[in-house]
Each structure stands twice: as structure tokens, then as C-alpha cells.
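Now for the letters of each chain:
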Amino acid sequence: MTVEQNVLQPGGAAKHQQTFLNQLREITGINDIQVLQQALKDSNGNLELAVAFLTAKNAKVPQQEEATYYQTALPGNDRYISVGSQADTNVIDLTGDDKDDLQRAIALSLEESNRAFRETGITDEEQAISRVLEASIAENKASLKRTHPEVWSDSPNPYDRKRQDNCPVGLKNVGNTCWFSAVIQSLFNLLEFRRLVLNFNPPANAQDLPRNQKEHRNLPFMRELRYLFALLVGSKRKYVDPSRAVEILKDAFKSNDSQQQDVSEFTHKLLDWLEDAFQIKAEEERDGEKPKNPMVELFYGRFLAVGVLEGKKFENTEMFGQYPLQVNGFKDLHECLEAAMIEGEIESLHSENSAKSGQEHWFTELPPVLTFELSRFEFNQALGRPEKIHNKLEFPPILYLDRYMHKNREITRIKRDEIKRLKEYLTVLQQRLERYLSYGSGPKRFPLVDVLQYALEFASSKPVCTSPVDDLGASAPSSGTLPAQTSPSTIDQQGPSSSDVPSTSPVQRSVIHKPFTQSRIPPDLPMHPAPRHITEEELSVLEGCLHRWRTEVENDTRDLQESISRIHRTIELMYSDKTMVQVPYRLHAVLVHEGQANAGHYWAYIYDHHHNRWMKYNDISVTKSTWEELERDSFGGYRNASAYCLMYINDKEQYLIQEEFNKETGQILLGMDTLPSDLRDYVKEDNKRFEKELEEWDAELAQKAQQEKLLSQIPRAPAPSPAPVQAGEPEYLEQPSRTDLSKHLKEDSVQAINKALAEQEDRGPEAIMDTAIKLEYARLLKLAQEDPPPECDYRLRHAIVYFIQNQAPKKIIERTLLEQFGDHNLSFDERCRNIMKVAQAKLEMIKPDEVNMEEYERWHQDYRNFRETTMFLMVGLEFFQKKSYMEALLYLIYAYQNNKELLSKGPYRGHDEELISHYRRECLLKLNEHAAALFESGDDQEVNNGLIIMNELIVPCLPLLLVDEMEEKDIVAVEDMRNRWCSYLGQEMEPNLQEKLTDFLPKLLDCSTEIKGFNDPPKLPSYSTHELCERYARIMMSLSRTPADGR
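In every chain, residue numbers begin from 1 and rise along the written sequence. In view of the model being predicted, local features appear only for residues whose pLDDT reaches at least 70, and side-chain atom pairs are presented and counted only at 80 or more, with totals across whole chains, interfaces and linings using the full set of residues. Side-chain figures throughout are based on the complete set of non-hydrogen atoms in the structure, without hydrogens or water.

By the naming in an unreviewed UniProt entry, the protein goes by Ubiquitin carboxyl-terminal hydrolase 25 and is assigned to Aythya fuligula. Within the UniProt record for the protein, the comment given under Catalytic activity (unreviewed entry) is "Thiol-dependent hydrolysis of ester, thioester, amide, peptide and isopeptide bonds formed by the C-terminal Gly of ubiquitin (a 76-residue protein attached to proteins as an intracellular targeting signal)." UniProt positions are given in the numbering used here, feature names are shortened, and annotations may be inferred rather than shown by experiment.

Put into C-alpha cells, the structure is as follows:
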């Protein structure tokens, strides 16, 4: 039996062999087709044995030969999938007489599969898939038996579960089913696919007696899928339960309930089932013609493989569904496609005499819905487990596929040759540019233009006549201590020694501007290097040469950079001409996976074509999104989230996304009007049940309100008076007022008044007040200009120090000083009382247009916020040092958020952001470890306490750490916390622990940066200025990590 005969037979063994190879690739992560085929051959077609061979540590990897290039042109292709009986292939038989063993194996496999199918109605590859999945699960202990959990617990309040207006309906996660939600929502939002499912009628002859096991399975699934789609259309619920459809799928997989399915694996199975279901219907309705399967028409296309093997040309047409692409080593989707379409030495395809091997692939027919599988997992042979590839891969919202079409192959080949030539030239230019940008022969290299500039600066520096060591040694005291450095002015006055100076006097020159390191050099630093002796003639020649060389290098560098930019632009625009933008495909959905190879969470970004916006479908949560958020979560390279599957649709086939119209009125059908009568009745019944829930909830609330009203009318005993505050305990206030703060300034004001009286004892109150204000301002200005250690923050001592450092308007500072001296706290003696009255009178004389009171209040509110932030930080750090991490976390969160808002107005408005971020991050990491330790204990109470810490403290904080993409340490910390919990998925544990873990993980792995509300800020103690400064200094000095003070 030839390979051609195998492929042309609808149930040929080639399809079985291909399915085995695909399943081996999915399970082991090995992509080498030769290794997979050898393992399958050694195991005599037994997939369990093949998996064992491939995952064993001593597995032998055969040498790759040139024949590998040919493998992908055969029906047993690793890269492409030949699906169903719809394939229309034209294969040239190149197997020869030396392939008898393979022929016999294929014939035997075909005979066995046909016999098994006749007996059970289930193909042998489906049975093998179930066996291998079960063996793999048991061997790697990746899953555990447990009851079916509900990951998202329903709120008891039905109004929390009520759909808002026409917001899309979500899908409930019923136990590691985020993969199901992501795929189903992507397909449901294809309106043509939705119509096909909703209007599907089971075949009449299948209602009474299904002919085989496949119909027993596929038709009930189609019924449940119709019900599920109908609820997604017309339900009044915020989200619906897909349990019945999911259970049919899980039964088919025969895998452990807790196993998280792979998106591509599930999508393959789903499309196979839909194809089978529609095929049954199509065969019933055909009238002598070949039946058309709408699933095949929608999702399957064809490509042509044209190649040469050892000088012999071949052609092969194959059908494909989901199109697999390798991610590793490529930066964007076009590079992946180019690599997938060309293999081997393609030059041999265009020459008549060549012994090299290679092939090209060209699309001959593209499906309306084109799905790309991004291969982001690879098998680590050393570790014996799959690993995820986190590389960044960009993809466009509009993808033009003209360059990959068979009809354009001649022009594409010309353009590919031109791009190859340009890239070779580009490499040469980049190498030349690198020599300019990294000049030198040692380990450290510098831009040549900088080297010339440094040389010019050195030559132009003021010449010196002595050694930099001699002038220090000559004046060194006998005690051995070094004297202060002689200032440049002293050297200038002394002048050079006549014995050291040549006949031509050196020229005095001004220092040239230094673009890289220009700064004011303190007078006590050692003098910079300079030439000992240089004549005016020497300097003139050297300056001329260095200037000219520097200009030449700058011009050469600029020319190279411009040439490189032009070539990049030429390559980018190579396929932008009108003839190559005729096949546009628009991005419809992106399926995202976050986590590692053995665990993670799926969600989908789906484009709303009617409102022109992106939507994020994350189980029960459906929210508006943006292309920027999609990029961040889908491109990869940033954190453990990346696209796993891309769904593009033909942008010219508007029927895919067009709404349905009423044939009589011509109006658009929306909502329930789009449903067939049986599904409309089904949805109405479900909505009635939900409305009844709402009514019962309202009645229950009304009854509770009535009971509370009756209880409130019963007389009660008077409440006891509150206990007095014990001495030494701080009084807690929401926020200190400015009057409270002014009490702390009394001592400063009195000192300033006493100094003024000492200077001008015979002057009147107004003159003394003016002098006191000037003295106080001078004192505060000095504090503001000092650079104290971190534990001494003078901003806490007085608002005016804060205002000066942040350049507050002069009028704001003047009024603040007047308020300080006009405060009632100064009325304790006659002299101060007179000055207070003068200050109050001056305050009353200030006109509204002289000081903007709104601005004045804003400055003082900012200062109160600064003090409040300081107290949040101080109390949080005190709790942290006591290892009270739960208490510390809330204070540090508010310290960070308030401080961030302050710093947005100026760099000296708040504290060191890195300091607060560090301890906030440490709090979360320590709490995460504590919660994990409680979970590992296995005790129900401790496990619950650990999950409460995660759900109520850590999970709500993660968006705060993820919202700023520049904070790399925060992002790493989030990944560490997530990986800590994901590691449990590969361990054995009690079923109740597995259930709780499954319930919790999707919340932890949610990539959303939406910041949710926290509890009210904790109350702060009211400290005097002296107490606040003292406690702040104490806590800052005790930190092992000394921070900057934010200035």
C-alpha cells in the first residue's frame, strides 16, 4: 500500500499515525518528528510505551538527516494536521521499495483501527489518547481525585449575579475550566458560528437510535452547547453555568477532574465533535451531491507543499485546521509564518540540477476563520518535564496574508530574495556601526566620538608644571597628615617655575563645555589630569585634528544609522504595495495563558466588532479592555502571561460578524429575537427562575427590616459610659487639624520673639513682630537648605520647611508665618499677646486678591497629607520590626499610595518611594510564606486562615504591584508568590485541599491591574511635632537598609 493510497482513503492509517504524533508532541513537548516516529515505531504503535521511551532519561535521540526536511511534506507531518475525510490531496509517491516495513505497519494499523471502529464506534486513537492521558497523569502525579468544585462561589445576593443592561454574559468556572470559557466565548462571539450552533437541528434518524458511540456523545453535547449559547444570548444572569456541557467533554477525555486542559487540545476536540455532528446532518440532507460541512467550510483551509528531495521534486496538497507556529527564536508573527513556510535549502526549488533538499508551503485556500497555535511549551530532557517559553512575540491587529498565497509565489520569491540581500547588507552596516560605538581593544570599550572628545578635553585643560604627587609631597607635614588641596587660584598666583617652562609660554584658555560630565567641581577635590607642557602651536594642531576627526566620526556614525534605518524601513514596506494587501485578516480573539507549563490560568481578549473595542473575558468577569492591555498580557516577555492561540477572521467576509436581519421587516434581530422558538422558551424559563430568586431575596430583606423595626421599639437599658483613656495611650484622630499643629509651634514663636526683643527692646510690637518673623524665616530657610541624614527630616518640624523645599509661592509662606504669630497660643503674657494682635490685624488687612485662599488651603492640605503619610510609614515600619506583618501591610499600603500621589506633584513632596515599596513588598512575601506554611499544615482551621490571608490581604494587593510596569522588583515578587502556590499542583494532597487550591488559584493568577477597594485607612495616633520627629528618627535609624530621604 503506497502513501498516496493511505491519504486518499477517508479513514486511512496516515490520519491515525498523524494523530498519534500530535498527541506525543502535546504530552512530551518534543517537536523533533524523527524522534517521535522512532518512538512510535519502537513501541509498535502503543502510545503508553512511546511516552515512556521519550520521557526516560536514557532515551536515545537519532541523528537528524537531510530526510527530515521531507517529513513535513508527508501526511504524517508534525507541523500540519490533516483533518477528517474532507482532505483533497494529490501526493507523489516517493517512498520507494525500501519502505516495506512502514507499509506493513500502516496496513496493520489500518486493519486494527477499522475493526475497533466497527465494534465500538470509537476510533483507536481516541482510546489511546485516554490511556496516555491517564498514564501521564498517574506517573507525574499532576492531578488528584476530588469532587467537582465550584471555583467561583455564587453570591447569596442574586442582585450581585444580575446582568447589567446588555453587558456580555460570563461563564462560571466549575473546576479548572477557564480553558473551556476562553474557547467557547471566542467562538460564541463569531456571529456566523453562533447562528450555526443555535440553528442546529439534530438529525431525525438519530433521535430514536444513535448508530454508534460517537453519536451518543456528539449529539448530547450539541444539545447542551445550544442551550449554553442561548443563555449567553438572552440570560438575565451576569454569568451562566456550563457544567452539563463540560461534564460531557470531561467524560470523553476520561481524565482526572482536576486536570487543567490545554486550549489547543480542547479546541481540536471541540471542532472534531462539531464537524462530526454537522456531518451527520449534512449526509441526511444531501440530494445526491457531496455533502458540505459548515464547520469544515468555516475553519479548514488547504496548503500546497512544493519540495525537492535528493534532486526529485514533489507536490502535496493538505488540509489544515489550527495552524501551529513555533515561537522560540522569532520576534513577530510574520517571522513565525516565514519560518513555517520555508524549510531546508529553498534555492534548490528554483534550479533544475540540484541534489539539496528543501520545500516551500503556500496557502491555496484560506479558511474564513484562521487560528494559529503558538507553541509556547518545550520539553526539558534534563529535568524530564515541559517548560513554558516566555519570549516576546508581537502580532498585528490586521494581518495581510498575500505573501503566503500560492497565486503570489513568484513575486513573493523575488521579495524574499531582496529581503535576504538587504539583511546581509544590514548586517555589514551594523558591524561597521558597532566599531564606531564600541571602540577599543580591551574589555572596556567606548564610543569613538566620546574618546575623541575626552582627548580634546584633556588637551584643552590648563597645563600644570608639577607632578600631581610632587605638589602634595612637598608640602606634607611631618605628622603624616595630608594638608588641604591647594586651590587652583593659589597655583595661578604662584605661577610656574622658570626652570620647568619651555621658551614658548603656555596659553591660558577657558575650559571647553563637557557634554557628558559637566558639573561644578568642589574646590577640595584633586585637580583633574592635564598635559604638563604644551605649546600654542602644538595645541592648535592637535585641536584642529581632534575637531576634524570628531566631526568625521559623527558624520560617519550618522550616515550609518540613517542607512540602517532606511533598510529597516525598506524591509518593513516590502509587502506594503497594493498587490500584497488584498487578503486582510482581522484579529478576532486572543487566548492568553498565565503560569508555568504544569499550571496556569486562561482568559480571552475578544474584539467587539460593533462597538470597535476589546473586551476581556475572564470566566464570570467580562470587562472593557484596550489594545495596550492586550499587548501587555499577550505579547509575552514581560511576565508569565502570553498569547497561546490567535484567532483571525477574513476581514472581507462580513457575514462572519454581521447581525441577522428580519426577512420581512429588514430590521436587525437582537437578543431573544435571534433564538429559535425552542431555545427562546428554554431561556424564558431560566429567566423566570432567576426572577423568582430576586423576588424571594426582596421578601427576605423586607422581613428582616420589619423585624429590626420591631426590635428598635423595645426600650433598652442605658449604655455604660466609655472608659477613660489611660495615661500614656495616644489619642487616635482621623487627621490632625492645622490648629492642632500650631500648638507645636508656640515654642519656636516665643524663641523668635525673645530674640527680637533682645535686639530691639525699645521698639513697638509691630517692629518686634517683623523682626521675629524675619528671624524665624531665616531659621527655617537654613533648615530647608541643609542636607540632613535620613533620620532627621526637617520637613516634619515645620510646614514652611516643606513649602520652601517645594517652592511654594511667597504669599503662601508669608501668610503662614503671620498665622503662626497670630495664633491664640501666644496670649500667655502681655508682650506675646501684643504681637499676636498685630499679626491678626495684618491677616485681616490681606485682601482676597492678594492671596489665593484655595491655593493656600491646597498647600496646607498637602502638608497635612505629608505628615499623615509619614505616620502611616512610621507605624507600618514599627509593626514590621515587631514581625506583625498583617498589621504593617495596611499601613504601608496607604503610605505608598499617599506618597505616590504626593510625589506626582514634585520630587520633595513625599518620602523615598523605593523604601516604602521595599517594605510593602517584604510584607507581602512574608505573609505569602506564612499563608503557604498554614496551607501545608493540612489542618482545616490553619488552611482556612492561610487562604483568608491570601484572599483578603495578598490578592487585593497584587494589582498595586502590577500597575507600574517599571517596578521590576514588584513584578518579580508577584511571580514568586504565584509560583509558590502553583508548585502545589504537582504534589499529592487531600481532596479537600485540592478543592480549596483550585478555588483560590484563578484569583491569584488573574493578570488584571484593576485596583479594588480596601478597608478604610487605619486610624493614626495624634503626636506632637517633637514626638513625631523623635519616633521617626528612631525607626529610621533602626532600619538595616538605610534609605534616602526623598530629596
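Moving on, there is more to tell.
Below, the discussion takes up the overall build of the protein. Segments assigned H or I by DSSP are reported as helices when at least four residues long, segments assigned E as strands when at least two residues long, and all are numbered from the N terminus. Counting its secondary structure elements, the protein contains 35 helices and 18 strands. Throughout this description, buried means an accessible area under 20% of the type-specific maximum (1.4 Å probe, protein chains only), exposed means over 50%, and partly exposed covers the range between. Taken across its 1047 residues, the protein has 48% of its residues classed as buried. Contacts were defined at the residue level, with two residues in contact if any of their heavy atoms lie within 4.5 Å. Partitioning the intrachain contacts of the protein with sequence separation of at least 6 by distance along the chain shows that 75% fall at a separation of at least 24. Only the protein chains shown count as covering a residue, and every accessible area follows the Shrake-Rupley method with a 1.4 Å probe. By element, 50% of the accessible surface of the protein is carried by carbon and sulfur atoms, the whole surface being about 53,900 Å².

Here, UniProt's "coiled-coil region" (unreviewed entry) annotation points to residues 680–707. In the segment residues 680–707, helix accounts for 100% and strand for 0%; the C-alpha atoms at its two ends are 41 Å apart.

All right, on to helix H27 (residues 810–821) then. A helix is expected to span 1.5 Å for every residue after the first. Over its 12 residues, H27 extends 17 Å from the first C-alpha to the last, a length consistent with the 16 Å expected when each residue adds 1.5 Å. Taken residue by residue, H27 has Ile-812, Ile-813, Arg-815, Thr-816, Leu-817, Leu-818, Gln-820 and Phe-821 as its buried positions.

Residues belong to a common nonpolar core when they are buried Ala, Val, Leu, Ile, Met, Phe, Trp, Tyr or Cys residues joined through side-chain atoms within 4.5 Å. Phe-803, Phe-935 and Trp-981 are the most contacted members of the largest nonpolar core, which has 98 residues in total. When residues no more than four places from it in sequence are discounted, the contact partners of Trp-981 are Asn-928, Ala-931, Ala-932, Phe-935, Leu-947, Met-950, Leu-997, Phe-1000, Leu-1001 and Leu-1004. Ile-184, Leu-198, Met-222 and Phe-266 belong to the second-largest nonpolar core, a separate cluster that totals 64 residues.

Here we come to the state of the cysteines. The rule for a disulfide is simple: a pair of cysteine sulfur atoms within 2.5 Å. Enumeration over the complete set of coordinates arrives at zero disulfides. Cys-957 provides the cysteine sulfur closest to Cys-923, a residue in no disulfide bond, and the two sulfurs are 9.4 Å apart. A residue is classified by how much of its surface remains accessible, and Cys-923, at 0% relative accessible area, is buried.

Values of pLDDT, ranging from 0 to 100, describe the predictor's confidence in every residue of the model. Looking at the protein, pLDDT values average 75 and 70% of them are 70 or higher. When the elements of the protein are averaged for pLDDT, helix H1 (residues 3–8) gives the smallest value, 33, and strand S11 (residues 398–400) the largest, 95. Overall, residues 57–126 carries pLDDT values under 50, and its contacts beyond four positions in sequence, including any with other chains, amount to 146 contacts. With pLDDT under 50 throughout, residues 1041–1047 is counted as low confidence; its partners more than four residues away or in other chains account for 28 contacts.

In this section: the packing of aromatic side chains. Ring pairs shown here join Phe, Tyr and Trp side chains whose ring centres sit within 6.5 Å, with only the six-membered ring taken for Trp; geometry is labelled stacked below 30 degrees between planes, edge-to-face above 60, and tilted in between. Scanning all chains against the criterion turns up 33 aromatic pairs. Ring geometry for Phe-188 against Phe-229: centres 5.1 Å apart, planes inclined by 85°, an arrangement best described as edge-to-face. Here Phe-188, found in helix H8 (residues 178–188), pairs with Phe-229, found in helix H11 (residues 213–234); they are 41 residues apart in sequence, far enough to count as distant. Residue Phe-188 is classed as buried on the basis of its relative accessible area, which comes to 6%. Here Phe-229 falls in the buried class, since its relative accessible area comes to 0%. Ring geometry for Phe-320 versus Tyr-323: centroids 5.2 Å apart, planes at 80°, classification edge-to-face. Each member of the pair, Phe-320 as well as Tyr-323, carries the same accessibility label: buried. Aromatic ring contacts, followed pair by pair, group Phe-303, Phe-320, Tyr-323, Phe-363, Phe-372 and Tyr-648 into a single cluster. In this structure, Arg-815 packs its charged tip against the face of Tyr-856, placed 5.4 Å from the ring centre. Either the NZ atom of lysine or the CZ atom of arginine qualifies as a charge over a ring when it sits within 6 Å of the ring centre and within 35 degrees of the ring normal.

What describes two packed helices is the angle between their axes and the distance between those same axes. Where helix H33 (residues 968–982) contacts helix H34 (residues 991–1005), the axes come no closer than 11 Å and their chain directions differ by 160°. By the criterion of interaxial angle, the relationship of H33 to H34 is roughly antiparallel. Judged by the twist between their axes, the crossing of H33 over H34 is left-handed. Of the residues in H34, those touching H33 at Met-977, Arg-978, Trp-981 and Cys-982 are Leu-997, Phe-1000, Leu-1001, Leu-1004 and Leu-1005. Tallied by class, the residues present in the contact of H33 with H34 amount to eight nonpolar, no polar and one charged. Throughout, an axis means a line fitted to C-alpha atoms (over the contacting stretch in the case of helices), and angles, computed between N-to-C directions, take values from 0 to 180 degrees. Oblique is the label for every angle not falling under 35 degrees (roughly parallel), over 145 degrees (roughly antiparallel), or within 65 to 115 degrees (roughly perpendicular). Crossings are classed by handedness, with left-handed meaning an anticlockwise turn of the near helix from the far one by less than a right angle and right-handed meaning a clockwise turn. All residues other than Ala, Val, Leu, Ile, Met, Phe, Trp, Tyr, Cys, Pro, Asp, Glu, Lys and Arg, Gly among them, are scored as polar; the first ten of these are nonpolar and the last four charged.

The end-to-end C-alpha distance of helix H31 (residues 913–937), which contains 25 residues, comes to 36 Å, matching closely the 36 Å that a straight helix rising 1.5 Å per residue would cover. For this analysis, a polar contact is any N or O atom pair within 3.5 Å, provided that within protein one partner can donate a hydrogen and the other can accept it, and provided that sequence-adjacent residues contribute only side-chain to side-chain pairs. With a side-chain oxygen positioned 3.2 Å from the backbone nitrogen of Glu-914, the residue opening H31 is Asp-912. After H31 finishes, the residue Gly-938 shows a positive phi value of roughly 85°.

Note on definitions: salt bridges are taken to be side-chain nitrogens of Lys or Arg within 4 Å of carboxyl oxygens of Asp or Glu. In the structure shown here, the tally under the stated rule is 43 salt bridges. Between Arg-223 and Glu-224 there is a salt bridge whose closest N-O contact spans 3.9 Å. Between Glu-878 and Arg-1031 there is a salt bridge, with the nearest N and O atoms lying 2.9 Å from each other. Of this pair, Glu-878 sits in helix H29 (residues 853–881) while Arg-1031 sits in helix H35 (residues 1025–1038), placing them 153 residues apart in sequence.

Checked against the element boundaries, Arg-226 lands in helix H11. For Arg-226, a relative accessible area of 6% gives the class buried. A distance of 3.1 Å separates a polar side-chain atom of Arg-226 from the backbone oxygen of Phe-200. Setting aside chain neighbours within four positions, we find Arg-226 in contact with Val-197, Leu-198, Phe-200, Pro-676, Asp-678 and Leu-679.

In the sheet, strand S14 (residues 613–618) pairs with strand S15 (residues 621–625) via five bridges, with the strands oriented antiparallel. What sits directly across from Lys-616, in S15, is Thr-623. DSSP calls a pair of strands paired once it identifies at least 2 bridges connecting them. Counting the residues between successive antiparallel strands, the hairpin from S14 to S15 contains two residues, one of them, Asp-619, with a positive phi of roughly 60°.

In this section: the packing of H29 against helix H30 (residues 885–903). H30 packs onto H29 with a crossing angle of 150° between their chain directions and a minimal axis gap of 8 Å. The angle between H29 and H30 falls in the class roughly antiparallel. For H29 against H30, the interelement crossing comes out left-handed. Contact residues: Asp-862, Asn-865, Phe-866, Glu-868, Thr-869, Phe-872, Leu-873, Val-875, Gly-876, Leu-877, Phe-879 and Phe-880 in H29; Tyr-885, Glu-887, Ala-888, Tyr-891, Leu-892, Tyr-894, Ala-895, Asn-898, Asn-899 and Leu-902 in H30. Looking at the contact of H29 with H30 residue by residue, the classes come out as 14 nonpolar, five polar and three charged.

Further remarks concern the environment of Ser-563. Within the secondary structure, Ser-563 sits in helix H20 (residues 536–572). Ser-563 sits in the buried class, given a relative accessible area of 18%.

Looking now at unusual backbone geometry. The backbone of Asn-612 shows a phi angle near 50°, a positive value even though the residue is not glycine. Tracing the sequence through the fold places Asn-612 in the loop between strand S13 (599–608) and S14. Despite not being glycine, Lys-883 has its phi angle at roughly 65°, a positive value. The exposed category is assigned to Lys-883, whose relative accessible area is 62%.

The next subject is the side chain of Thr-816. Note on placement: Thr-816 falls in helix H27. Its relative accessible area of 7% is what places Thr-816 among the buried residues. In this structure the side chain of Thr-816 is engaged in a polar contact, spanning 3.1 Å, whose partner is the side chain of His-860. Residues within four places of Thr-816 in sequence aside, it is in contact with Ile-800, Phe-803, Tyr-856 and His-860.

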